[in-house]
Amino acid sequence: MRRAVCPGSFDPVTNGHLDIIARAARLYDTVHVAVMINKSKKGLFSIEERIALIEAVTADLDNVKVESFHGLLVDFCKERDIPAIVKGLRAVSDFDYELQMAQMNIGLTGVETLFVPTNPAYSFLSSSLVKEVAQWGGDISHLVPPPVLDALNAKLRQQ
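Attention in this report is confined to the structure presented alongside it. (Residues numbered from 1 in each chain as written. Predicted model: local features only at pLDDT ≥ 70, side-chain atom pairs only at ≥ 80, totals over all residues. Heavy atoms only, no water.)

## Examining the sheet that holds strand β4 (residues 84–89)
Argument step 1. Strands sit in the order β3-β2-β1-β4-β5 across an open sheet of 5 strands; the sheet is parallel. Where the open sheet ends on each side, the last strands, each with one partner, are β3 (64–69) and β5 (112–117). Geometrically, the sheet is characterised by an average inter-axis angle of 30 degrees between neighbouring strands, direction not taken into account.
Argument step 2. Where strand β1 (residues 3–8) meets strand β2 (residues 30–36), 6 bridges bridge the pair, whose relative direction is parallel. Residue pairing for β2: V5 is matched across the bridge by H32.
Argument step 3. Packed onto the sheet, helix α1 (residues 15–27) meets β1, β2, β3, β4 and β5 and runs at close to 125 degrees relative to β5.
Argument step 4. Of the strands in this sheet, β2 and β3 touch helix α2 (residues 47–57), which is tilted by about 150 degrees from β2. (Pairing = 2+ DSSP bridges. Helix = DSSP H or I, 4+ residues; strand = E, 2+ residues; numbered from the N terminus. Axes fitted to C-alpha atoms, helices over the stretch in contact; angles between N-to-C directions. Contact = heavy atoms within 4.5 Å.)

## As for the nonpolar core
Most often, soluble globular proteins keep nonpolar side chains buried together rather than apart.
Argument step 1. Residues V86, I140 and L152 are the most contacted members of the largest nonpolar core, which totals 36 residues.
Argument step 2. Looking at this core, the elements with two or more residues in it are β1, α1, β2, α2, β3, β4, α5 (127–135) and α6 (146–158).
Argument step 3. Residues L73, V74, F76 and V111 belong to the second largest nonpolar core, which totals 10 residues. (Core = buried A, V, L, I, M, F, W, Y, C linked by side-chain atoms within 4.5 Å. Buried < 20%, exposed > 50% of the residue type's maximum accessible area, 1.4 Å probe, protein only.)

## A look at the layout of surface pockets
Argument step 1. When its volume is computed, the largest pocket comes out at roughly 1400 Å³.
Argument step 2. Lining the largest pocket we find 50 residues, and of these P7, G8, S9, M36 and K87 sit closest to its centre.
Argument step 3. Considering every element that reaches the lining of the largest pocket, the biggest residue donor is helix α4 (residues 92–109), with 8 residues.
Argument step 4. Split into classes, the residues belonging to the lining of the largest pocket amount to 24 nonpolar, 16 polar and 10 charged. (1 Å grid on protein atoms, 1.4 Å probe; cavity = no way out; pocket = protein on both sides within 12 Å on 5 of 7 lines; lining within 4 Å. Points joined across faces, edges and corners; volume = space filled by probe spheres on them. Nonpolar A, V, L, I, M, F, W, Y, C, P; charged D, E, K, R; others polar.)

## Considerations on the environment of E67
Argument step 1. Structurally, the position occupied by E67 is in strand β3.
Argument step 2. In this structure the C-alpha to C-alpha distance between E67 and A84, which are 17 residues apart in sequence, comes to 16 Å.
Argument step 3. For E67, the residues in contact, after removing those within four places along its chain, are H32, V33, A34, V35, I51, F76 and R80.
Argument step 4. Reaching out from E67, the side chain makes a polar contact with the side chain of R80 at a distance of 2.9 Å. (Polar contact = N/O pair within 3.5 Å; in protein donor to acceptor, adjacent residues only side chain to side chain.)

Such coordinate-based values are descriptive only and should not be taken to indicate function.
Structure, rendered in structure tokens:
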């Protein structure tokens, strides 16, 4: 069975994330979406909320599993016998950072990294940018799936 992981903070999940996850799901038998827990950062959405949103928007992808993790991604991979990490690249600047991570990961445990170029429609997209535009009342409906848009609007109304 071919397994891979798509890691990230997904705060919130965007259409760009979903594009990479769906493309990985076509290449692998099982794709684990690993939601990173970073105790030093306060996200807009809780880990549980992020997982629920990703599960909702990937419900049509039968081979996608959503989990949280903390620590080293290669340990997550080793525990689940996952030999590959799938990462989306938006720009050359992403490559510089991700290449170093990929080289470290293969050196630590032999886990390979597959770089997938982002769909040009999402090349500018990040969770941080989505949150910032939404906070100022901008239209992000074309950048996130409807359940995420609803959850983001509700969350921002609470603040």
